[in-house]
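Below, each chain spelled out in residue letters.
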Amino acid sequence: GPLTNPAGARYQLLGTFDGKRVEQTARVLGRLGSRRAWVVHGHDGLDEISPCAPTEVAELREDGTVRCFTVRPEDAGLEVVPREAIAGGDADENAKRLRSLLDGERSGLRTAVLLNAAASLVVVGQANDLREGVKKAEQFFRVNNLFDPENVTLMHHITQALQAHGLMKRDKDY
């Protein structure tokens, strides 16, 4: 499971199915060598930052302390979406929804992706807060241009930076 991540991730955004375990899980991540993490549980039961409801967060800080707080989609400048807007379907339906997301369609799914991407950027220190994280995530996921060569180059640079700081293993390390 995520607590025994073979990639050796020291910075993590981790969802938990049990809201009572958020803080405890963050403390365990610290003991296992994580430097910074957000452990999250949506009030609606999602094991991610929910675009539909408030989400409990236990933040493991680099000094080893844990701070607990609640985030809402509005904190990131996003609107709350109904749960049905992110519900999955069969394989064909999910493939269509993913294609629409990649084509830039504004949807509940897009809100969920932006919100969780923003939190990931906060965890790794590339954004100061969720609003800034959403702006950076939107820039990265340029509407209708996700696979634009400029974005592929940006992802390559991000990967190199993570590897250089020991935050991501190189292929030869596996």
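This text goes with the structure placed above it.
Residues numbered from 1 in each chain as written. Predicted model: local features only at pLDDT ≥ 70, side-chain atom pairs only at ≥ 80, totals over all residues. Heavy atoms only, no water.

Colleague: Explain the packing of helix 3 (residues 108-123) against helix 4 (residues 130-140) here, please?
Modeller: Each pair of packed helices gets described by two things: the angle between the helix axes and the distance between those axes. The N-to-C vectors of helix 3 and helix 4 enclose an angle of 115°; their axes lie 8 Å apart at closest approach. Considering the angle they form, helix 3 stands roughly perpendicular to helix 4. Note on packing geometry: the crossing formed by helix 3 with helix 4 is right-handed. Residue-level contacts link Arg110, Leu114, Leu115, Ala117, Ala118, Ala119, Leu121 and Val122 of helix 3 to Leu130, Gly133, Val134, Lys136, Ala137 and Glu138 of helix 4. The residue inventory of the contact of helix 3 with helix 4, partitioned by class, reads ten nonpolar, one polar and three charged. (Axes fitted to C-alpha atoms, helices over the stretch in contact; angles between N-to-C directions. Helix = DSSP H or I, 4+ residues; strand = E, 2+ residues; numbered from the N terminus. Parallel < 35°, antiparallel > 145°, perpendicular 65-115°, else oblique. Left-handed = near helix turned anticlockwise from the far one by under 90°. Contact = heavy atoms within 4.5 Å. Nonpolar A, V, L, I, M, F, W, Y, C, P; charged D, E, K, R; others polar.)

Colleague: In this structure, what is going on with the pairing of strand 4 (residues 66-71)? I would like to understand it.
Modeller: The two faces of the sheet receive side chains in turn, since in a regular strand these alternate between them. Here six bridges tie strand 3 (residues 55-60) to strand 4, and the two strands are oriented antiparallel to one another. Residue pairing across strands places alanine 58 opposite cysteine 68, the latter belonging to strand 4. Hairpin connection of strand 3 to strand 4: five residues between the antiparallel strands, including glycine 64 at a positive phi of 90°. (Pairing = 2+ DSSP bridges.)

Colleague: What should I look at first to understand the sheet that holds strand 3 in this one?
Modeller: The strands making up a sheet are joined through hydrogen bonds of the backbone, oriented either antiparallel or parallel. Strand order in this open sheet of four strands is 1-2-3-4, and the pairing throughout is mixed. Of all strands in the sheet, those with a lone pairing partner are strand 1 (11-15) and strand 4, marking the two edges. For this sheet, the mean angle separating the axes of adjacent strands, direction not counted, is 20°. Bridging between strand 1 and strand 2 (residues 36-42) involves five bridges; their strand directions are parallel. Its bridge partner being in strand 2, leucine 13 is matched across the sheet by tryptophan 38. Of the strands in this sheet, strand 1, strand 2, strand 3 and strand 4 are in contact with helix 1 (residues 22-31), which crosses strand 3 at around 25°.

None of this, on its own, says anything about what the molecule does.
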